[in-house]
Amino acid sequence: MNERFHEAQDELLTGLLRTIVARLPVGEEPEWLVERVLSSVVDRFFTVDSPIGRMYVGVGLRGVRFVQRGGSPEDFARSYRERFKRLLVEGTDTPTRNLTEKVATALAGKRVEVSLDLSETTPFQRRVLEVVKSIPRGEVRPYSWVAREVGSPKASRAVGTALANNPVPLLVPCHRVVKNDGRVGNYAFGAGEKARLLKLEGVSLDEIVRTPYIAACTTKIVCYATCRNVGRIHPENRRPFRSVREALIAGYRSCRVCRPVVT
DNA sequence: AGGGTGACAGCGT
DNA sequence: TACGCTGCCACCC
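This report concerns the structure included in the present document. Just so it is clear, the structure is predicted and the values come from calculations on it, not from any experiment.

Before going further, it helps to examine unusual backbone geometry. Unlike most non-glycine residues, Lys220 shows phi in positive territory, near 60°. Within the element layout of this structure, Lys220 appears in the loop between strand 7 (213-216) and strand 8 (221-224). You will see that Arg259, though not glycine, has its phi angle at about 45°, which is positive. Overall, Arg259 belongs to the partly exposed group, its relative accessible area being 36%.

Let's shift gears to the sheet that holds strand 7. Here four strands make up an open sheet; going across it, the order is 9-7-8-10 and the pairing mixed. Among the strands making up the open sheet, the edge pair consists of strand 9 (238-241) and strand 10 (253-254). In this structure, strand 8 lies alongside strand 10, joined through two bridges in parallel fashion. Following the sheet pairing, Ile221 is matched in strand 10 by Arg253.

This brings us to the packing of aromatic side chains. Applying the stated criterion across every chain, the model contains 11 aromatic pairs. Each ring, one from Tyr56 and one from Phe76, has its centre 5.2 Å from the other, and the planes form 15°; the classification is stacked. Separated by 20 residues along the polypeptide, Tyr56 in strand 2 (residues 53-60) and Phe76 in helix 3 (residues 73-84) bring together distant segments of the chain. The pair formed by Tyr56 and Phe76 is uniform in burial state, with each residue classed as buried. Taking the ring centre of Trp145 as reference, the NZ or CZ of Arg141 above it sits at 5.6 Å.

Cut-offs and rules
Residues numbered from 1 in each chain as written. Chains lettered and ligands numbered in written order. Predicted model: local features only at pLDDT ≥ 70, side-chain atom pairs only at ≥ 80, totals over all residues. Heavy atoms only, no water. Helix = DSSP H or I, 4+ residues; strand = E, 2+ residues; numbered from the N terminus. Buried < 20%, exposed > 50% of the residue type's maximum accessible area, 1.4 Å probe, protein only. Pairing = 2+ DSSP bridges. Phe/Tyr/Trp six-rings, centres within 6.5 Å; stacked < 30°, edge-to-face > 60°. Lys NZ or Arg CZ within 6 Å of the ring centre and 35° of its normal.

What follows is the structure, encoded as structure tokens:
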């Protein structure tokens, strides 16, 4: 790069900073100003351990934007910068440390709300991610279920594509979305990792393949096998079904909690 | 019978 | 555009 380029770059940066400073409210502390100006172009990252290894977590002002596994911090910063057009530095400040703890807690399975910034995704992908975020630990749902939930019942394959590009794996638990027949389906980190994760969460895929739906003969309600309500059905009142349709014909209705897809 | 397989519809990117 | 973390059905043994 030549000098002229650097001069132009300096000039551009200076101009941008002047514009930003000019728009800031008056009467604030200088420290706050600096922080505000910096955070408008710089995001932070930290690392956290997960069941599938050490993950890098990139965070902006509005929440977690990117989670990635493997590589060096430099690699992560590079891909982050390409993707979000923002600089990335390691976060050592108190807010970042607090968030690190929060994310670690979330990955350990506790129900804590971690704010996510999904603004860089398409509307369809965002709807998919929002829905998938609601699948509790220990439960799974089919791709077709997600498709129906986001209002595009025939878009199960597009759901797969959307999940393949999940910018925040684990935080949006896309590993809990499986095939309709209970087979594990694909995963960005490999089907094996997906199966391992689910096992860790207490999901038995073998059982789901055998009996994808469980109904209660007392209430005449049919659920996905991993629906939280199944646990409340007395073992001898449980009735296995191979499809929702069969159950409906037998006089059952769909559970209002897990809302199984009728095919 | 019922698990395995391949073709194809279908959707968002 | 062709492609993909799917679903479904026909067809196989």
